[in-house]
Amino acid sequence: MALDALSEVLWHERTLLELLLFKLEEEQLLLTAGRTRWLAHATREVEAVLSQIRDAELGRSVEASAACAELGLPDGAALADLADAAPAPWDELLRQHRDAFASLTAEISQLADGNRELLAMSHRATQETLASLHDVHTYDGSGRSAGTAADALLVDRTL
């Protein structure tokens, strides 16, 4: 039955969305802890899950088309329309999938926005730190100090 196959694909996609939520939360924990050393790894993991979700969406599209044909709906019908046309217990199961997708999507969106804000704040702080380092003494090619003369010197008059 096409509805059984569709439900199986939807369960898989829900699992992937939960994994994406977890990976985004991991990324946020790294950002808030200032552990940027692992940020590239966390970002790669998020991208890997996103790739798996894209593959699962293709599978869902195929199974949804078969379910639409079985229920006499036009191809590309929304999950809510499939739920309305499906017999029990599939109707309730498809509604539960739809509600879970809406909830997970909202959580993922909120967490991703928070991570973007944390990254922007971190970037600004880094830029400000780098800008404050313009008076730092460096070394030339021979290893000698290439810094500029200090504007103010502290003199101990007791000498």
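Cut-offs applied
- Sequence order as written defines the numbering, with residues in each chain counted from 1.
- Given that this is a predicted model, residues contribute local features only at a pLDDT of at least 70 and side-chain atom pairs are listed and counted only at 80 or more, while totals for whole chains, interfaces and linings are drawn from all residues.
- Excluded from the side-chain calculation are hydrogens and water; included are all heavy atoms of the structure.
- Under the scheme used here, helices are H or I runs from DSSP no shorter than 4 residues and strands are E runs no shorter than 2 residues, and both carry numbers assigned from the N terminus.
- When a residue's accessible area, from a 1.4 Å probe over protein chains only, is under 20% of the maximum for its type it is buried; when over 50% it is exposed; and in between it is partly exposed.
- The contact definition used throughout considers only heavy atoms, calling two residues in contact when any of these lie within 4.5 Å.
- For the area figures, the Shrake-Rupley method with a 1.4 Å probe applies, and any residue is considered shielded solely by the protein chains shown.
- We define the nonpolar core as a collection of buried residues of types Ala, Val, Leu, Ile, Met, Phe, Trp, Tyr and Cys that are connected through side-chain atoms lying within 4.5 Å of one another.
- Lines fitted to the C-alpha atoms define the axes, with helices restricted to the stretch that makes contact. Angles between their N-to-C directions range from 0 to 180 degrees.
- Roughly parallel refers to an angle under 35 degrees, roughly antiparallel to one over 145, roughly perpendicular to one between 65 and 115, and oblique to any angle outside these ranges.
- Crossing handedness: left-handed means the near helix sits turned counterclockwise from the far one by under a right angle, and right-handed means the same turn made clockwise.
- All amino acids are sorted into three groups, where Ala, Val, Leu, Ile, Met, Phe, Trp, Tyr, Cys and Pro are nonpolar, Asp, Glu, Lys and Arg are charged, and the leftover types, Gly among them, are polar.
- pLDDT is defined as a per-residue confidence score from the predictor, taking values between 0 and 100.

Peer 1: Account for the overall build of the protein, with residues named and values stated.
Peer 2: Secondary structure assignment for the protein yields four helices and zero strands. Starting at the N terminus, the α and β elements of the protein follow one another as α-α-α-α. Looking at the protein residue by residue over its 159 residues, the buried ones come to 26%. The long-range share in the protein, meaning contacts at least 24 apart out of those at least 6 apart in sequence, stands at 62%. Accessible surface, the protein as shown: approximately 10800 Å² in total, 55% of it carbon and sulfur.

Peer 1: An account of the environment of Leu16 is needed here, citing residue identities and associated values.
Peer 2: Here Leu16 lies in helix H1 (residues 2-33). Relative accessible area serves as the criterion here: at 5%, Leu16 is assigned to the buried category. C-alpha of Leu16 to C-alpha of Val49: the two residues are 33 residues apart in sequence and 6.8 Å apart in space. Among residues more than four places away in sequence, those in contact with Leu16 are Val49, Gln52, Ile53 and Ala56.

Peer 1: Report on the nonpolar core, specifying residues and quantitative values.
Peer 2: Among the nonpolar cores identified, the biggest contains 29 residues, and Leu6, Leu20, Leu24, Leu82 and Leu94 are the most heavily contacted of them. Among the elements of the structure, H1, helix H2 (39-71), helix H3 (79-85) and helix H4 (90-132) are those that each provide at least two residues to this core. Among the elements that line this core, the one with the most residues is H1, at nine residues. Beyond its immediate sequence surroundings of up to four residues, Leu6 is in contact with Arg60, Glu63, Ala64, Ala67, Leu82 and Leu94.

Peer 1: With reference to specific residues and values, describe the packing of H1 against H2.
Peer 2: Contact geometry for H1 and H2: axes closest at 8 Å, N-to-C directions at 160°. Considering the angle they form, H1 stands roughly antiparallel to H2. Read as a crossing pair, H1 and H2 show a hand that is left-handed. Of the residues in the contact of H1 with H2, the class split is 24 nonpolar, four polar and nine charged.

Peer 1: Kindly report on the confidence of the model for the protein, identifying the contributing residues and their values.
Peer 2: Averaged over all residues, the pLDDT of the protein equals 89, while 87% of them reach at least 70. Ranking the helices and strands of the protein by mean pLDDT puts H3 first, with 97, and H4 last, with 90.

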